[in-house]
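# Results of the structural survey
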Amino acid sequence: MEKINLYVGYDPREAVVFTVFNQSVIKYTSIPVSICPLHQDALNFDGQQDGTNAFIFSRYLVPYLQDYKGWALFADGDMLITEDLKNLWDLRDDKYAVQVVKHDYKTKHYRKYINSPMESDNLDYPKKNWSSVMLFNCGHPANKILTKELVSEAGGAFLHRFQWLTEDEVGELPVEWNHLVGEYKENPDAKLIHFTLGAPCFLHYYEDEYAGEWSDHLLNSINAVGETPQEIIRRTIWQL
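Residues numbered from 1 in each chain as written. Predicted model: local features only at pLDDT ≥ 70, side-chain atom pairs only at ≥ 80, totals over all residues. Heavy atoms only, no water.

### Things to note about the pairing of strand 8 (residues 133–137)
Just so we agree on the cut-off: Any residue under 20% of the maximum accessible area for its type is buried, any over 50% is exposed, and the rest in between are partly exposed; the area is computed with a 1.4 Å probe on protein chains only. Only runs of H or I of at least four residues qualify as helices and only runs of E of at least two qualify as strands under DSSP, and these elements are numbered from the N terminus. Strands are labelled as partners when DSSP assigns at least two bridges between them.
Burial analysis of strand 8 places five of its five residues in the buried class, the great majority of the element. The alternating pattern of strand 8 places V133, L135 and N137 on one face and M134 and F136 on the opposite face, and all of these are buried. Sheet topology note: the strand 3 (residues 71–75)/strand 8 ladder contains five bridges and is antiparallel. By the bridge assignment, W71 is partnered in strand 8 with N137. Relative to strand 8, strand 5 (residues 98–100) runs antiparallel, the two sharing two bridges. For Q99, the partnering residue across the bridge sits in strand 8 and is L135.

Listed below in structure tokens is the structure:
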């Protein structure tokens, strides 16, 4: 039976976004999905920690975790899906080592996670946010370089800019499969929503684009009958 191997970035400081994203995946995906959180402790991966989230480098372990076989999908945890994930999975193309949305933008916001313990600079750099959604051809020979040792030691530029690959080994996905809330104008065709500046669990982003849908999935994941999404959020999320 066909199955999606989905690896999701997990940061304990915003664990709720992992739950909400998974709830949206379960709701909309029409085939079985194997969801694996990229959690530092479970991976026994200390690696580098110079990023703004806990899975900044462990995402590149996906081919290693797949034993360099088959295909897998990586997604940041602060996302929301609005249609069948199988439609993204079906875009796999064996001629590529990895497929991504090739964002080409300069940020409109130079701080992110505002007014939260995760607040930090939001820097521009080449190929920014390409690695936030990756369809990995784990069996591609070029990805066998991504060992646990290399990912632990390689610089951020080498990994985030896909320097272990040639340009023609990086395929392109449609932009609607990684819609950047707050950076891109509203897109009614967006299918995978990325709260790259901060998810609605943080008060500063509580009324951002797609925040209502995010709250609905949160309510559904808790399954609390008789309470509004706002009541659930205020009762359960420590940031508020």
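### Focus on the sheet that holds strand 8
This is how the line gets drawn: Convention adopted: a line fitted to C-alpha atoms gives each axis, helices being fitted over their contacting stretch, and angles between N-to-C directions are expressed from 0 to 180 degrees.
Taken together, the six strands give an open sheet; going across it, the order is 2-1-3-8-5-9, and neighbouring strands pair in mixed fashion. Every interior strand has two partners, whereas the edge strands, strand 2 (33–38) and strand 9 (170–172), have only one. Along the sheet, successive strands turn relative to each other by an average axial angle of 25 degrees, direction set aside.

### Side note on the pattern of salt bridges
Going by this rule: Each reported salt bridge corresponds to a side-chain nitrogen of Lys or Arg within 4 Å of a carboxyl oxygen of Asp or Glu.
Counted by the stated rule, this structure contains nine salt bridges. The salt bridge involving D67 is made with K69; its shortest N-O contact spans 3.5 Å. Residue classification places K69 among the exposed residues on the basis of a relative accessible area of 53%. K191 is the salt-bridge partner of E176, the closest N and O atoms lying 3.8 Å from each other. You can see E176 sitting in the loop between strand 9 and strand 10 (179–180) and its partner K191 sitting in the loop between strand 10 and strand 11 (192–194), a full 15 residues away along the chain.

### Quick notes on the environment of Y205
The criterion, for reference: A contact between two residues is defined here by any heavy atoms of the two lying within 4.5 Å.
Within the element layout of this structure, Y205 appears in the loop between strand 11 and helix 7 (211–222). Residue Y205 is classed as buried on the basis of its relative accessible area of 4%. Between the C-alpha atom of Y205 and that of K112, which follows or precedes it by 93 residues, the distance is 10.0 Å. When neighbours within four sequence positions are excluded, Y205 is seen to be in contact with R111, K112, Y113, I114, L197, G198, A199, P200 and A211.

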